[in-house]
Amino acid sequence: MKKMNAKELNEQYRNCPTQEQEFEIEGRKYIVVSYYVGEKDLDEVVYRNAYHRAMNELLRA
């Protein structure tokens, strides 16, 4: 599988719905643009994130 650069990814997903959010962290502003391409299973992603967070908290204790 060929690794795509940012320009190629922008071109591929330019027609997908997006959401833009602005965050300020330690005085610096960051803009995050999310592209919704429909290639992920939301249940799997949420489960995996919750699992990793729980494991990290358990192992730190």
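Scroll up to find the structure this text is about.
Anyway, here's the lowdown on the structure attached to this text. (Residues numbered from 1 in each chain as written. Predicted model: local features only at pLDDT ≥ 70, side-chain atom pairs only at ≥ 80, totals over all residues. Heavy atoms only, no water.)

Mapping Phe23 onto the fold places it in strand 1 (residues 18-25). Accessibility expressed as a relative area gives 38% for Phe23, which makes it partly exposed. Filtering out sequence-adjacent residues up to four positions away, Phe23 remains in contact with Arg28, Lys29, Tyr30 and Val32. (Helix = DSSP H or I, 4+ residues; strand = E, 2+ residues; numbered from the N terminus. Buried < 20%, exposed > 50% of the residue type's maximum accessible area, 1.4 Å probe, protein only. Contact = heavy atoms within 4.5 Å.)

Looking now at the pattern of salt bridges. Enumeration according to the criterion identifies four salt bridges in this entry. The partner of Glu22 in a salt bridge is Lys29, and the shortest N-O contact between them spans 3.8 Å. Under the relative-accessibility criterion, Glu22 is labelled exposed at 52%. The exposure class of Lys29 is exposed, given its relative accessible area of 60%. Between Glu57 and Arg53 there is a salt bridge whose closest N-O contact spans 3.4 Å. One end of the pair is Glu57 and the other is Arg53, both in helix 2 (residues 42-60) and four residues apart, which spans about a single turn. Glu57 sits in the partly exposed class, given a relative accessible area of 48%. Judged by its relative accessible area of 60%, Arg53 is exposed. (Salt bridge = Lys/Arg side-chain N within 4 Å of Asp/Glu carboxyl O.)

All we've got here are geometric facts, nothing functional implied.
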